[in-house]
Structures are given as structure tokens and as C-alpha cells.
Amino acid sequence: MLELYHHNISVCAQKVRVVLAEKGLDWVGHHVDLVAGAQTEPAYLAVNPKGVVPALVDDGRIVTESTVICEYLDDAYPDPPLRPAQPHARSLIRLWARVPDDGIHVHCASVSFASAFARQLQAGFDEDALERRLDSMPDPRRAARQRQIMERGFDVPFVQDAVMAFVGMLGDMQAALEHGPWLAGQTFSLADACIAPYVERLDRLGLAPMWDGLPRVAAWYDALRARPSYDAAFTAFPPTGYDDLLRDRDDSAWPEVETAIAANRRSGGAA
């Protein structure tokens, strides 16, 4: 039996849910309430000592780290395959799978926190409770980043760097999609599953204007949303606690993001 410890809007959990859906696998879910801090409780730390989601349990065997989980699922349940046999196409998948782990995941956390989650936490906790929550986080560097964002929002330099990292990723996608409708060519693969939650998060935050002028990225996203796995991985798990659906309210962070992009370009930064 497959069990997934996950959170409804965790991008890492969404990535794994895409793969589970693409493969048509049945699984039992255990929702980890990140707002309440369930990821730091002993019961969950016994499953994943890092205190992050997701974690997969396959007949008692624990697999952690979302990229590793996706590869494990493709190895353990190879039909249908999400990695082609052709070596060069496989190399492209490996490169795209590295993108979140090489920085976009942390950048996504910064943009998401500055756009939505900081305000939500500040509204839901008094000062002492919020400080206790930050102190309980297993990663003190992440806690420090969250403190800075709560104080300064998009004025924090690493948040502005995160915005520009997304600009760069979208530009790389536009170039890659010249060779096919999907990131590694003609068929949907782990490359698309790994990147999908990060583009979808931008959309949820009301930041879809970031791919204005990138028609191949727009077409890729439309095709992604047309797949059954999109509803199974994203739509079926609406926000609770953390709420990133700013696109559905007049609350988008696009003005701040647009300002950050324009300022970076005026100063000669990355395009």
C-alpha cells in the first residue's frame, strides 16, 4: 500500500501527487497540518526527521525528498514510464529535475511567503505564539528568512533575487519548449511534473503576467491544466490554513513583483 504524508498546497507534495496521478496509482493520504506545526511533532519526525513534506511509505518502506520520491515511483511502478529510454532525453529530465533542488524551491518559498503567507501567519498568531512557532522550526535559516520577510516584505534583497530566478526559469522554459510541447520533448515526463507546481504557484499568487510574452510557456501551462493529473494533484486539494489563491481575490502581489523586475532590469541585472 502506498501512503503519502503531504500538505494540500505544498509544491513538493503537489509534484509527487502529479506523478501518482499520471501513473494511476492508488494511495492513502495523511495530511500534515503545516500551519499548526504538525511537521515538527515527534510522530511525524519519526517518519521524516527533516520535518518537511512529503514522505512516501510503500509497504513500510519510507522514501523522502520529493525528487527522489518521483524517481522511486517511476522505478517501482514503471507503467506508464515518465522517463524515456533515449539517453539525451533522460539527461534533459535530470537537468529539469535539478532546477527546484538547485534553488527554485527556496525562491518559491520566499516569493510565496512575501506574497501571501507572512500576512496570514501574522493575522493568525499573536507575537509570542508566532515567535514560538519560528523557534520550533527545524531549520533556523528558514526561520530567519521568514522573520526578515515579515518585517520587510519584497524589500528584502533575497526576495528580489527570488523573483528574478523565476524570470530566468521561465525564459529557460521558453527556450526548451521550442523543441516540443513538453520540457523534454514530445511527451509529458518527470521534467514537467517537477516544474509544474512552481509555475502553478505563480499563477495562484496572481503572477501569471510573468509569462506574458512567452507564448510557449503559456501553451505548456494550458496543456498542463488540461491533463487529468492537474485536477487530481492541484484542484482536488484546495487551500486550508495557508491560502495561496490570490488570483481569485483582488490581492495579487503582481505590482510588487513587477516593480522588482523593472528595478532589476534598470540596474542591469538578469533579464
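Now for a description of the structure that goes with this document. (Residues numbered from 1 in each chain as written. Predicted model: local features only at pLDDT ≥ 70, side-chain atom pairs only at ≥ 80, totals over all residues. Heavy atoms only, no water.)

## What to know about the nonpolar core
For soluble globular proteins, the rule of thumb is that nonpolar side chains tend to be buried together. Filter applied, for reference: Buried residues of nine kinds, namely Ala, Val, Leu, Ile, Met, Phe, Trp, Tyr and Cys, make up a nonpolar core once their side-chain atoms join them within 4.5 Å. Note on exposure labels: buried denotes an accessible area under 20% of the residue type's maximum, exposed denotes more than 50%, and partly exposed covers the range between, all computed with a 1.4 Å probe on protein chains only. Note on conventions: DSSP H or I runs of at least 4 residues are helices, E runs of at least 2 residues are strands, and numbering of each starts at the N terminus. In this analysis, two residues are considered to be in contact whenever any of their non-hydrogen atoms come within 4.5 Å of each other.
In terms of nonpolar packing, the biggest core is built from 85 residues, with Leu170, Met173, Met210 and Trp220 touching the most fellow members. Element by element, the count of residues in this core is highest for helix 4 (residues 87-124), at 11 residues. Contacts of methionine 173, omitting those with residues within four sequence positions, involve Trp96, Leu183, Ile195, Val199, Val217 and Trp220.

## Looking at the pattern of salt bridges
What counts is decided by this rule: By convention in these notes, a salt bridge is any Lys or Arg side-chain nitrogen within 4 Å of a carboxyl oxygen on Asp or Glu.
One pass over the structure, following the stated rule, counts 18 salt bridges. A salt bridge links aspartate 251 to arginine 119; the nearest nitrogen and oxygen atoms lie 3.2 Å apart. Of this pair, aspartate 251 sits in the loop between helix 10 (228-235) and helix 11 (254-266) while arginine 119 sits in helix 4, placing them 132 residues apart in sequence. Since its relative accessible area comes to 27%, aspartate 251 is described here as partly exposed. A residue is classified by how much of its surface remains accessible, and arginine 119, at 42% relative accessible area, is partly exposed. Here arginine 204 ties to glutamate 200 by a salt bridge, and the two come within 2.7 Å at their closest N and O atoms. With arginine 204 and glutamate 200 both in helix 8 (residues 190-204) and four residues apart, the pair spans about one turn of that helix. Of the two residues examined, arginine 204 and glutamate 200, each falls in the buried class.

## Overview of the environment of aspartate 75
Examined against the element boundaries, aspartate 75 turns out to sit in helix 3 (residues 66-76). Residue classification places aspartate 75 among the exposed residues on the basis of a relative accessible area of 55%. It is 33 Å that separates the C-alpha atoms of aspartate 75 and valine 35, two residues lying 40 residues apart in sequence.

## Overview of unusual backbone geometry
For the peptide bond that leads from valine 53 to proline 54, omega is 5 degrees, which places it in the cis range. Mapped onto the elements, proline 54 comes out in the loop between helix 2 (42-45) and strand 3 (55-58). For the bond from aspartate 79 to proline 80, the omega torsion is 0 degrees, close enough to zero to count as cis. Mapped onto the secondary structure, proline 80 falls in the loop between helix 3 and helix 4. One non-glycine residue with positive phi stands out, namely aspartate 59, at about 50 degrees. Within the secondary structure layout, aspartate 59 lies in the loop between strand 3 and strand 4 (61-64). Relative accessible area serves as the criterion here: at 52%, aspartate 59 is assigned to the exposed category.

## Describing the sheet that holds strand 3
Inclusion rule: Strands pair, by our definition, only if DSSP identifies at least two bridges between them. Note on geometry: axes are C-alpha line fits, over the in-contact stretch for helices, and angles between N-to-C directions span 0 to 180 degrees.
Overall, mixed pairing links the four strands, which are arranged 2-1-3-4 in an open sheet. Of all strands in the sheet, those with a lone pairing partner are strand 2 (28-31) and strand 4, marking the two edges. Going across the sheet, the axis of each strand differs from the next one's by a mean of 20 degrees, ignoring polarity. The sheet contact formed by strand 1 (residues 2-6) and strand 3 spans four bridges and is antiparallel. In the strand pairing of strand 3, glutamate 3 is matched with valine 57. Across the sheet, helix 3 touches strand 1, strand 3 and strand 4, and the angle it forms with strand 4 is around 125 degrees.

## A short note on the packing of aromatic side chains
Here is the rule we go by: Only Phe, Tyr and Trp rings are paired, with Trp represented by its six-membered ring, and only when their centres lie within 6.5 Å; those with planes under 30 degrees apart are stacked, over 60 edge-to-face, the remainder tilted.
Applying the stated criterion to the full structure yields six aromatic pairs. An angle of 25 degrees between the planes, with centres 6.2 Å apart, marks the rings of tryptophan 27 and phenylalanine 237 as stacked. Taken as a pair, tryptophan 27 in the loop between helix 1 (11-22) and strand 2 and phenylalanine 237 in the loop between helix 10 and helix 11 lie far apart in primary sequence, 210 residues in all. Looking at tryptophan 27, the relative accessible area reads 26%, which means it is partly exposed. Taken together, a centroid distance of 5.2 Å and an interplanar angle of 80 degrees make the contact between tryptophan 182 and phenylalanine 188 edge-to-face. Tryptophan 182 sits in the buried class, given a relative accessible area of 8%.

## Examining the pairing of strand 4
If a strand is regular, its side chains alternate between the two faces of the sheet. As judged from the four bridges shared by strand 3 and strand 4, these two strands associate in the antiparallel manner. Of the residues in strand 4, the one forming a bridge with alanine 55 is threonine 64. Connecting the antiparallel pair strand 3 and strand 4 is a turn made up of two residues, with aspartate 59 showing a positive phi of about 50 degrees.

## Describing the state of the cysteines
Disulfides are covalent bonds that link the sulfur atoms of two cysteine residues. Selection criterion: The criterion for a disulfide is a pair of cysteine sulfur atoms lying within 2.5 Å.
Scanning the entire structure with this criterion turns up zero disulfides. Of the cysteine sulfurs around cysteine 12, a residue in no disulfide, the closest is that of cysteine 108, at 8.7 Å. Owing to a relative accessible area of 11%, cysteine 12 belongs among the buried residues under this scheme. A disulfide-free cysteine, cysteine 70 has its sulfur positioned 5.0 Å from the sulfur of cysteine 194, the nearest such atom. Classification of cysteine 70 as buried rests on a relative accessible area of 1%.

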